Amino acid sequence: MSDTRTADAAAIQAVLVDSYKAWEAGDAAGMVADYTEDATAIMTGSLRDSREVIRDSMALAFAGPLKDTSTYNKQLSLRFVGSDAAIVVSESGILFGGQTELPDAAKVNATWVFEKRDGRWLIAAYHNSPVLAPAQ
């Protein structure tokens with residue numbers, strides 16, 4: 001990886017870490033601070049089609065069912081698509097009530113699409129889907 005790509009990868013990691021920290025703090029605005037204005041988030045049964053909508057739905061969740069939660073995140077891959085886009089794939093999930101480990105049934109595979117705008121890496125899209133056991 002070139003020095004530029006190494007710096008880009010580090011910048012993308014920093015965006016993810018900041019988002020995870022904001023989640024732990026229940027800070028919806030902080031969680032989406034590095035999302036593009038036109039970002040999308042797709043989770044089971046829902047489409048959130050702007051940074052504002054994502055922020056508002058997360059604020060409601062942090063005040064209710066996701067209060068005092070944290071996340072489990074294991075990056076599986078990072079690949080660049082041209083000079084200004086990257087895709088991160090992770091295994092993730094929500095840790096409730098002091099959990100330190102995530103049950104397999106609660107894991108999701110997540111895809112994060114990053115775009116570099118004005119020299120800054122931002123999340124342009126997020127999608128997750130439950131991890132299913134391989135067919136027997």
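Residue positions are counted from 1 within each chain, in the order its sequence is given. In keeping with the predicted nature of the model, local features appear solely for residues at pLDDT of at least 70, side-chain atom pairs appear and are counted solely at 80 or more, and the whole-chain, interface and lining totals rest on all residues. The side-chain numbers reported here are obtained from all heavy atoms of the structure, hydrogens and water having been left aside.

Draft legend 1. Region of the structure containing unusual backbone geometry. Even without being glycine, Asp68 reaches a positive phi, approximately 60°. Helix numbering and strand numbering both begin at the N terminus, where a helix is a DSSP run of H or I of at least 4 residues and a strand a DSSP run of E of at least 2. Tracing the sequence through the fold places Asp68 in the loop between helix H3 (51–63) and strand S3 (70–80).

Draft legend 2. Quick look at the nonpolar core. In these notes, a set of buried Ala, Val, Leu, Ile, Met, Phe, Trp, Tyr and Cys residues joined through side-chain atoms within 4.5 Å is what counts as a nonpolar core. Between buried and exposed lies partly exposed: a residue is buried under 20% and exposed over 50% of the maximum accessible area for its type, with that area taken using a 1.4 Å probe on protein chains only. Met31, Tyr35, Met58, Trp112 and Phe114 are the most contacted members of the largest nonpolar core, which has 25 residues in total. Sorting the residues of this core by element identifies helix H1 (3–24), helix H2 (28–31), strand S1 (35–43), H3, strand S4 (85–95), strand S5 (108–117) and strand S6 (120–130) as the ones contributing at least two each. Broken down by element, the residue count for this core peaks at six residues, all from H1. By definition in these notes, contact holds between two residues if any of their heavy atoms fall within 4.5 Å. The contacts of Tyr35, once residues within four sequence positions are left out, are Ser19, Arg51, Ile54, Trp112, Leu122 and Ile123.

Draft legend 3. Molecular detail of the pattern of salt bridges. Here, a salt bridge means any Lys or Arg side-chain nitrogen found within 4 Å of an Asp or Glu carboxyl oxygen. One pass over the full model with this rule turns up nine salt bridges. Here Glu115 makes a salt bridge to Arg117, at a shortest N to O gap of 3.0 Å. Members of the salt-bridge network, linked through shared partners, are Arg5, Asp8 and Lys116.

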